[in-house]
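These are the residues of each chain, in order.
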Amino acid sequence: MPSLADALKDPQKKPAIVDDCLALIESEVKSKNFIIKAGYKTVSGFKPGFVRNVVSDLLPEFAKALEPLHEEAQSGGKDVVAHFSANAGRAADAMLSITDQKAERSTNGVVKKAYSTLRGTAKSNVEAAIPALARLVVKYSS
(Lines give C-alpha, C1' and ligand atoms only; values in the text may rest on other atoms or scores of the structure.)
Protein backbone atom coordinates (compact mmCIF):
# COMPACT_ATOMS: atom_id res chain seq x y z
CA MET A 1 0.00 0.00 0.00
CA PRO A 2 1.45 3.42 -0.93
CA SER A 3 2.32 5.95 1.74
CA LEU A 4 1.21 9.56 1.90
CA ALA A 5 4.80 10.52 1.10
CA ASP A 6 4.50 8.50 -2.13
CA ALA A 7 1.26 10.27 -3.01
CA LEU A 8 2.92 13.65 -2.49
CA LYS A 9 5.55 12.74 -5.09
CA ASP A 10 2.78 12.38 -7.69
CA PRO A 11 2.49 15.80 -9.39
CA GLN A 12 -1.16 15.10 -10.19
CA LYS A 13 -2.09 14.25 -6.59
CA LYS A 14 -0.10 16.83 -4.62
CA PRO A 15 -2.26 19.87 -5.56
CA ALA A 16 -5.40 17.98 -4.46
CA ILE A 17 -3.73 16.99 -1.20
CA VAL A 18 -2.71 20.60 -0.56
CA ASP A 19 -6.26 21.78 -1.38
CA ASP A 20 -7.75 19.25 1.04
CA CYS A 21 -5.29 20.23 3.76
CA LEU A 22 -6.11 23.92 3.29
CA ALA A 23 -9.82 23.12 3.53
CA LEU A 24 -9.15 21.15 6.73
CA ILE A 25 -7.16 24.04 8.22
CA GLU A 26 -9.85 26.58 7.32
CA SER A 27 -12.57 24.37 8.76
CA GLU A 28 -10.63 23.95 11.99
CA VAL A 29 -9.89 27.68 12.26
CA LYS A 30 -13.59 28.54 11.81
CA SER A 31 -14.42 26.46 14.87
CA LYS A 32 -11.80 28.13 17.09
CA ASN A 33 -11.70 31.25 19.25
CA PHE A 34 -10.91 34.80 18.22
CA ILE A 35 -7.19 34.51 18.96
CA ILE A 36 -6.78 31.54 16.61
CA LYS A 37 -8.87 33.23 13.93
CA ALA A 38 -6.89 36.47 14.25
CA GLY A 39 -3.56 34.64 14.14
CA TYR A 40 -4.59 32.74 11.03
CA LYS A 41 -5.80 35.95 9.41
CA THR A 42 -2.47 37.62 10.19
CA VAL A 43 -0.46 34.78 8.70
CA SER A 44 -2.82 34.40 5.71
CA GLY A 45 -2.60 38.10 4.96
CA PHE A 46 1.18 38.16 5.07
CA LYS A 47 1.39 37.66 1.31
CA PRO A 48 -0.80 35.99 -1.31
CA GLY A 49 -0.41 32.22 -1.33
CA PHE A 50 1.70 32.18 1.84
CA VAL A 51 -0.34 29.53 3.68
CA ARG A 52 -0.62 27.37 0.55
CA ASN A 53 3.15 27.51 0.08
CA VAL A 54 3.82 26.68 3.72
CA VAL A 55 1.42 23.72 3.59
CA SER A 56 2.94 22.49 0.34
CA ASP A 57 6.45 22.77 1.78
CA LEU A 58 5.60 21.13 5.11
CA LEU A 59 3.53 18.23 3.77
CA PRO A 60 6.46 15.95 2.85
CA GLU A 61 7.95 16.41 6.33
CA PHE A 62 4.57 15.86 8.00
CA ALA A 63 3.98 12.74 5.90
CA LYS A 64 7.35 11.34 6.93
CA ALA A 65 6.67 12.14 10.60
CA LEU A 66 3.23 10.51 10.51
CA GLU A 67 4.27 7.45 8.50
CA PRO A 68 5.17 5.36 11.60
CA LEU A 69 1.57 5.71 12.85
CA HIS A 70 0.26 4.80 9.41
CA GLU A 71 2.53 1.74 9.23
CA GLU A 72 1.52 0.64 12.74
CA ALA A 73 -2.14 0.77 11.79
CA GLN A 74 -1.62 -1.10 8.54
CA SER A 75 0.68 -3.77 9.93
CA GLY A 76 -1.61 -4.32 12.90
CA GLY A 77 -4.75 -4.51 10.78
CA LYS A 78 -6.14 -1.47 12.62
CA ASP A 79 -8.41 1.23 11.31
CA VAL A 80 -6.09 4.12 10.38
CA VAL A 81 -8.45 6.85 11.61
CA ALA A 82 -9.02 5.08 14.93
CA HIS A 83 -5.28 4.47 15.38
CA PHE A 84 -4.39 8.09 14.62
CA SER A 85 -7.18 9.28 16.93
CA ALA A 86 -5.95 7.05 19.74
CA ASN A 87 -2.46 8.46 19.21
CA ALA A 88 -3.45 12.08 18.56
CA GLY A 89 -0.92 13.41 21.06
CA ARG A 90 1.90 11.53 19.38
CA ALA A 91 0.82 12.73 15.94
CA ALA A 92 0.52 16.34 17.14
CA ASP A 93 3.96 16.21 18.78
CA ALA A 94 5.50 14.83 15.58
CA MET A 95 3.99 17.62 13.48
CA LEU A 96 4.67 20.40 15.98
CA SER A 97 8.32 19.44 16.32
CA ILE A 98 8.62 20.28 12.61
CA THR A 99 6.77 23.60 12.83
CA ASP A 100 8.69 24.56 15.98
CA GLN A 101 11.98 24.11 14.13
CA LYS A 102 10.70 26.09 11.14
CA ALA A 103 9.45 28.91 13.37
CA GLU A 104 12.73 29.03 15.27
CA ARG A 105 14.66 29.47 12.01
CA SER A 106 12.21 31.98 10.52
CA THR A 107 13.48 35.46 9.84
CA ASN A 108 9.95 36.83 9.39
CA GLY A 109 9.03 38.69 12.56
CA VAL A 110 5.27 38.80 11.86
CA VAL A 111 5.01 35.06 11.23
CA LYS A 112 7.32 34.25 14.15
CA LYS A 113 5.23 36.39 16.54
CA ALA A 114 1.95 34.88 15.33
CA TYR A 115 3.33 31.37 15.77
CA SER A 116 4.65 32.20 19.23
CA THR A 117 1.26 33.62 20.24
CA LEU A 118 -0.60 30.51 19.06
CA ARG A 119 1.93 27.86 20.11
CA GLY A 120 0.57 27.50 23.67
CA THR A 121 -2.69 26.00 22.45
CA ALA A 122 -1.31 24.39 19.32
CA LYS A 123 -1.11 20.83 20.61
CA SER A 124 -4.76 20.65 21.64
CA ASN A 125 -5.82 22.27 18.36
CA VAL A 126 -3.72 19.88 16.27
CA GLU A 127 -4.98 16.90 18.29
CA ALA A 128 -8.57 17.97 17.55
CA ALA A 129 -7.80 17.89 13.81
CA ILE A 130 -6.09 14.47 13.81
CA PRO A 131 -9.19 12.39 12.92
CA ALA A 132 -9.86 14.58 9.86
CA LEU A 133 -6.18 14.49 8.95
CA ALA A 134 -6.20 10.69 9.25
CA ARG A 135 -9.11 10.56 6.81
CA LEU A 136 -6.95 12.47 4.34
CA VAL A 137 -4.10 10.01 4.90
CA VAL A 138 -6.49 7.15 4.12
CA LYS A 139 -7.88 8.97 1.08
CA TYR A 140 -4.48 9.57 -0.50
CA SER A 141 -2.58 6.47 0.58
CA SER A 142 -5.02 3.90 -0.66
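First, a word on scope: everything that follows refers to the structure included in this document. Just so it is clear, the model here is predicted, and its values are computed rather than measured.

Quick look at the layout of surface pockets
- In this structure, the largest pocket encloses a volume near 1400 Å³.
- Lining the largest pocket are 46 residues; nearest its centre among them are Ile25, Val54, Leu58, Thr99 and Tyr115.
- Mapped by element, the contributors of at least two residues to the lining of the largest pocket are α2 (14-30), α3 (34-44), α4 (50-75), α6 (88-105) and α7 (109-141).
- Per-element accounting of the lining of the largest pocket gives the leading share, 15 residues, to α7.
- Taken together, the residues that form the lining of the largest pocket break down as 34 nonpolar, seven polar and five charged.

As for the pattern of salt bridges
- Summed over the entire model, instances satisfying the criterion amount to seven salt bridges.
- For Asp93, the salt bridge identified is with Lys123, shortest N-O distance 3.1 Å. One end of the pair, Asp93, is in helix α6; the other, Lys123, is in helix α7, with 30 residues separating them in the sequence.
- Note on Asp93: relative accessible area 40%, which makes it partly exposed.
- You can call Lys123 partly exposed: its relative accessible area is 30%.
- Asp100 is paired through a salt bridge with Arg119; the nearest N and O atoms lie 2.7 Å apart.

The rules we used
- Residues numbered from 1 in each chain as written.
- Predicted model: local features only at pLDDT ≥ 70, side-chain atom pairs only at ≥ 80, totals over all residues.
- Heavy atoms only, no water.
- 1 Å grid on protein atoms, 1.4 Å probe; cavity = no way out; pocket = protein on both sides within 12 Å on 5 of 7 lines; lining within 4 Å.
- Points joined across faces, edges and corners; volume = space filled by probe spheres on them.
- Helix = DSSP H or I, 4+ residues; strand = E, 2+ residues; numbered from the N terminus.
- Nonpolar A, V, L, I, M, F, W, Y, C, P; charged D, E, K, R; others polar.
- Salt bridge = Lys/Arg side-chain N within 4 Å of Asp/Glu carboxyl O.
- Buried < 20%, exposed > 50% of the residue type's maximum accessible area, 1.4 Å probe, protein only.

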